[in-house]
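Commentary on secondary and tertiary structure
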Amino acid sequence: MQNKFSFRKFMGNLRVRILLLLYSLAVLYPLFWTVTTSFKTTEEFYENPWSLPSSISFTNYMNAFEKASIGHYFMNSVFVTVISVTLCVFVSFMAAYAIARSKSRAMRWLRNAYMSALFIPSAFMIVPLFLLLGKIHLLDSLWGLIIVYASVNIPYTIFLLIGFMSSIPKEYEEAASIDGCSNTKILFQIIGPMAKSSLITVIIFNFMAAWNEYIMALSFITTETKRTLQLGLVYLMEIQRFSTDWGALFAGLVIVMVPTIVAYSLLQRQMTAGISMGGLKG
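The shown structure was predicted, so the numbers you read here are calculated from the model rather than taken from an experiment.

This part covers the overall build of the protein chain. In terms of helices and strands, the protein chain carries 15 helices and 0 strands. Expressed as a percentage of the 282 residues in the protein chain, the buried residues total 39%. Taking as baseline every contact in the protein chain between residues at least 6 positions apart, the subset at least 24 positions apart corresponds to 74%. As presented, the protein chain carries roughly 16900 Å² of accessible surface, and 68% of it is formed by carbon and sulfur atoms.

With that settled, the discussion passes to unusual backbone geometry. Despite not being glycine, His137 shows a phi value in the positive range, around 60°. With a relative accessible area of 70%, His137 lands in the exposed category. Backbone geometry places Asp140, a non-glycine residue, at a positive phi of 60°. Considering the arrangement of structural elements, one finds Asp140 in the loop between α7 (126-135) and α8 (142-167).

With that out of the way, let us pick up a nonpolar patch on the surface. A cluster of nonpolar side chains, namely Ile18, Leu19, Leu21, Leu22 and Leu25, defines an oily patch on the protein surface of about 510 Å² accessible area. Taking the relative accessible area as the measure of exposure, Ile18 reaches 42% and is therefore partly exposed.

At a minimum axis distance of 8 Å, the contact between helix α6 (residues 105-117) and α8 shows a crossing angle of 125°. For the element pair α6 / α8, the angle class is oblique. When the axes of α6 and α8 are compared, the crossing they make is left-handed. Residue-level contacts link Arg111, Tyr114, Met115 and Ala117 of α6 to Ile154, Pro155, Ile158, Phe159 and Ile162 of α8.

Take the confidence of the model for the protein chain next. Model confidence for the protein chain is summarised by a mean pLDDT of 84, while 89% of its residues fall at 70 or above. The element-level mean pLDDT for the protein chain is lowest in helix α1 (residues 2-12), coming to 59, with α7 highest at 93.

With that out of the way, let us pick up the side chain of Asn153. As for its position among the elements, Asn153 is in helix α8. Given the relative accessible area of 18%, Asn153 is considered buried. For Asn153, the contacting residues outside a window of four places in its chain are Cys88, Asn206 and Ala209.

Moving on: helix α11 (residues 196-211). Helix length check: α11 (16 residues) gives 22 Å between terminal C-alpha atoms against 22 Å at 1.5 Å per residue, within 8%. For α11, the complete set of buried residues consists of Ser197, Ser198, Leu199, Ile200, Thr201, Val202, Ile204, Asn206, Phe207, Ala210 and Trp211.

What follows concerns a positive patch on the surface. On the surface, Lys103, Arg105, Arg108 and Lys170 cluster together to form a positively charged patch. Looking at the element boundaries, Lys103 is found in the loop between α5 (70-101) and α6.

A few words now on the packing of α5 against α8. Put simply, α5 and α8 touch, their axes get as near as 6 Å, and they point 35° apart. Between α5 and α8 lies a crossing of right-handed hand. Broken down by class, the residue content of the contact of α5 with α8 amounts to 23 nonpolar, 6 polar and 1 charged.

Let us look at the environment of Val202. Inspection of the secondary structure puts Val202 in helix α11. When the C-alpha atoms of Val202 and Leu161 are compared, they prove to be 8.0 Å apart, with 41 residues separating the residues in sequence. Not counting chain neighbours up to four residues away, the residues in contact with Val202 comprise Val89, Thr157, Leu160 and Leu161.

Under the 1.5 Å per step criterion, the end-to-end length of helix α14 (residues 246-266) is 30 Å for 21 residues, consistent within 8% with the ideal 30 Å. Bending of α14 peaks at approximately 30° at the position of Met257, with proline Pro259 no more than four residues after it. Among the residues of α14, Gly247, Ala248, Leu249, Phe250, Ala251, Gly252, Val254, Ile255, Val256, Pro259 and Thr260 are the ones counted as buried.

Here we come to the packing of aromatic side chains. Across all of its chains, the model carries 14 aromatic pairs by this definition. Note on Phe39 and Phe58: the rings are 5.6 Å apart at their centroids and 85° apart in plane angle, and the pair reads as edge-to-face. One end of the pair, Phe39, is in the loop between α2 (14-37) and α3 (42-47); the other, Phe58, is in the loop between α3 and α4 (59-66), and 19 residues separate them in sequence. Exposure remark for Phe39: the relative accessible area of 14% places this residue in the buried category. For the ring pair Phe79 and Trp143, a centre distance of 5.3 Å and an interplane angle of 90° mean the geometry is edge-to-face. Remark: Trp143 occurs in helix α8 and Phe79 occurs in helix α5; sequence separation between them is 64 residues.

Ile70, Phe93, Ile158, Met165, Ile191 and Leu229 are the most contacted members of the largest nonpolar core, which has 41 residues in total. At the level of elements, α4, α5, α8, α10 (183-194), α11, α13 (229-243) and α14 are the ones that each hand at least two residues to this core. In terms of residues, this core owes the most to one element, α5, which gives 11 residues. Apart from the residues within four sequence positions on either side, Ile191 is in contact with Phe93, Tyr97, Met165, Ile168, Glu173 and Ile186.

Scoring rules and cut-offs
Residues numbered from 1 in each chain as written. Predicted model: local features only at pLDDT ≥ 70, side-chain atom pairs only at ≥ 80, totals over all residues. Heavy atoms only, no water. Helix = DSSP H or I, 4+ residues; strand = E, 2+ residues; numbered from the N terminus. Buried < 20%, exposed > 50% of the residue type's maximum accessible area, 1.4 Å probe, protein only. Contact = heavy atoms within 4.5 Å. Areas by Shrake-Rupley, 256 points an atom, 1.4 Å probe, with all protein chains shown as cover. Patch = residues over 30% accessible without salt bridge, like charges linked within 9 Å, V, L, I, M, F, W, Y side chains within 5 Å. Salt bridge = Lys/Arg side-chain N within 4 Å of Asp/Glu carboxyl O. Axes fitted to C-alpha atoms, helices over the stretch in contact; angles between N-to-C directions. Parallel < 35°, antiparallel > 145°, perpendicular 65-115°, else oblique. Left-handed = near helix turned anticlockwise from the far one by under 90°. pLDDT = per-residue confidence, 0-100. Expected span 1.5 Å × (residues − 1). Lys, Arg positive; Asp, Glu negative; His and termini not counted. Charge placed at Lys NZ, Arg CZ, Asp CG, Glu CD. Nonpolar A, V, L, I, M, F, W, Y, C, P; charged D, E, K, R; others polar. Bend = angle between axes of the 7 residues up to and from the residue. Phe/Tyr/Trp six-rings, centres within 6.5 Å; stacked < 30°, edge-to-face > 60°. Core = buried A, V, L, I, M, F, W, Y, C linked by side-chain atoms within 4.5 Å.

Quick look at the structure:
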């Protein structure tokens, strides 16, 4: 009876399994094709773009780093992403704690203001931010881009962290206060470790948002040496119109994808736990 029941259950979910399998193939095959194409020579690509490479060679990656300055653009993106994520999460963590614990009207109004900012499309911010950066002399500056990325992502980060902060019992803070902890120590030594999973979640979200951002970087950065990796990849695509070095282009695509894929793969459980524990709670 047990075997018969298991078989029925399997057959009942067969359609769902097939759909999930097809969806997985639709997602994974383009990634697999991009990676394999990054190892091909131009002749192999034109001969049969769907075949596997005849050998594994990192020449295309070397060309992407040397000829197209992908390595320099990569370091620009790392600098902008790390600093902007750190600034955004640090400010949002303190603001979310203050908003979650306070019952005053001012804090409720501030919370609603942050929530309303979630509904402002990024495209509407381009012109005001461009004018603002020009006035404070941070246009065409990586530091200006850092401030923009951190500021734009703060409302969403606060939205996720407020839910988690509200779920933490106040008894922990009261006990720490009785033991002589200051508000700063309570925040960073008590609440911080308890909010680890939620902080990892917002770090991943902010990392992917800053790493993959293109429109604002295109609007605010004009100097070639200050381009981020996304802009550098578009620049590489323009080069390929004349040199037709498709292997280097796909190598650049892989370089862009690897950090987000690795970060998500390593921290998937913590990110899911952070959302379920606090991100979706009011």
